[in-house]
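Structural overview for review
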Amino acid sequence: QVRLVESGGGLVQAGDSLRLSCVASGRTFSNYDIAWFRQAPGKEREFVAHISWRGYYTHYSDSIQGRFTISRDNAKNTVFLQMNGLKPEDTAVYYCAANTPLSRYFTADAYVYWGQGTQVTVSS
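Read on for an overview of the structure. (Residues numbered from 1 in each chain as written. Predicted model: local features only at pLDDT ≥ 70, side-chain atom pairs only at ≥ 80, totals over all residues. Heavy atoms only, no water.)

**Quick notes on the overall build of the protein chain**
Stated formally: Secondary structure elements follow DSSP: runs of H or I no shorter than four residues count as helices, runs of E no shorter than two count as strands, and numbering proceeds from the N terminus. Buried residues are those whose accessible area, probed at 1.4 Å on protein chains only, stays under 20% of the maximum for their type, while exposed residues exceed 50% and partly exposed ones sit between those limits. The criterion used for residue contact is that any of the two residues' heavy atoms lie within 4.5 Å. Using a 1.4 Å probe, accessible areas were evaluated by the Shrake-Rupley method; residue-level cover was limited to the displayed protein chains.
Helix and strand counts for the protein chain come out as zero helices and 11 strands. Secondary structure elements of the protein chain, listed N to C terminal, follow the sequence β-β-β-β-β-β-β-β-β-β-β. By the burial criterion, 45% of the 124 residues in the protein chain qualify as buried. Across the protein chain, contacts joining residues at least 24 apart in sequence account for 57% of those joining residues at least 6 apart. Summing over all exposed atoms, the protein chain offers an accessible surface of approximately 6,400 Å²; the carbon and sulfur share of this is 47%.

Below you can see the structure in the form of structure tokens.
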């Protein structure tokens, strides 16, 4: 069992930055790929970013490419999502998810463990 807790969300203005954190407890964190997904009201959960278990590989959705950066500190059991140049369309609940190394990293149903989410609201 892996427990994930997100933090760092908030209300910001367009162009501002936020850094989300996802802290894991339970099984060996460094064995797991981690991804961030987000879900806006009335929309499906969408892939945002992924980082492999050692941090060697990262992937991003086209909508945030160049603005967001995912990273991990396995010594602290934490994954970060640095979000720069935020836009109103980035408003959503952001979730981190974990699973053992997988190829379908962009698919929500490929992940076993989920956090409770953290709200990000970007005003124009």
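**Here's the deal with the side chain of arginine 38**
For clarity, the cut-off: Counting of polar contacts relies on pairs of N or O atoms within 3.5 Å, with two restrictions inside protein: one atom must be capable of donating a hydrogen and the other of accepting it, and residues adjacent in sequence are counted only when both atoms are side-chain atoms.
Looking at the secondary structure, you find arginine 38 in strand S4 (residues 33-39). Exposure remark for arginine 38: the relative accessible area of 5% places this residue in the buried category. A polar contact of 3.5 Å, which involves the side chain of arginine 38, links it to the side chain of serine 63. Engagement of the side chain of arginine 38 in a polar contact is seen with the side chain of aspartate 90, the distance being 2.9 Å. When near neighbours in sequence (up to four residues on either side) are disregarded, arginine 38 contacts Glu44, Arg45, Glu46, Val48, Ser63, Ile64, Phe68, Glu89, Asp90, Ala92, Val93 and Tyr94.

**Comments concerning unusual backbone geometry**
Phi at asparagine 77 is positive, roughly 55°, even though this residue is not glycine. Residue placement: asparagine 77 occurs in the loop between strand S7 (68-73) and strand S8 (78-83).

**Some points on the nonpolar core**
Our working definition: Nonpolar core, defined: a set of buried Ala, Val, Leu, Ile, Met, Phe, Trp, Tyr and Cys residues in which side-chain atoms within 4.5 Å join the residues together.
Counting 30 residues, the largest nonpolar core has Trp36, Leu81, Met83 and Tyr94 as the members making the most contacts within it. The set of elements that each furnish at least two residues to this core consists of strand S1 (2-7), strand S3 (18-26), S4, strand S5 (46-51), S7, S8, strand S9 (92-99) and strand S11 (118-123). Grouped together as the second largest cluster of nonpolar side chains are eight residues, Ala35, Phe37, Tyr105 and Ala110 included.

**Some remarks on the pattern of salt bridges**
The condition that has to hold: Definition used for salt bridges: Asp or Glu carboxyl oxygen within 4 Å of a side-chain nitrogen of Lys or Arg.
Tallied over the full model, the rule gives four salt bridges. Here arginine 38 and aspartate 90 are joined by a salt bridge, their closest N and O atoms 2.9 Å apart. Of the two residues, arginine 38 is situated in strand S4 and aspartate 90 in the loop between S8 and S9; the sequence distance between them amounts to 52 residues. Across the pair, aspartate 90 and arginine 38 agree in class, each one buried.

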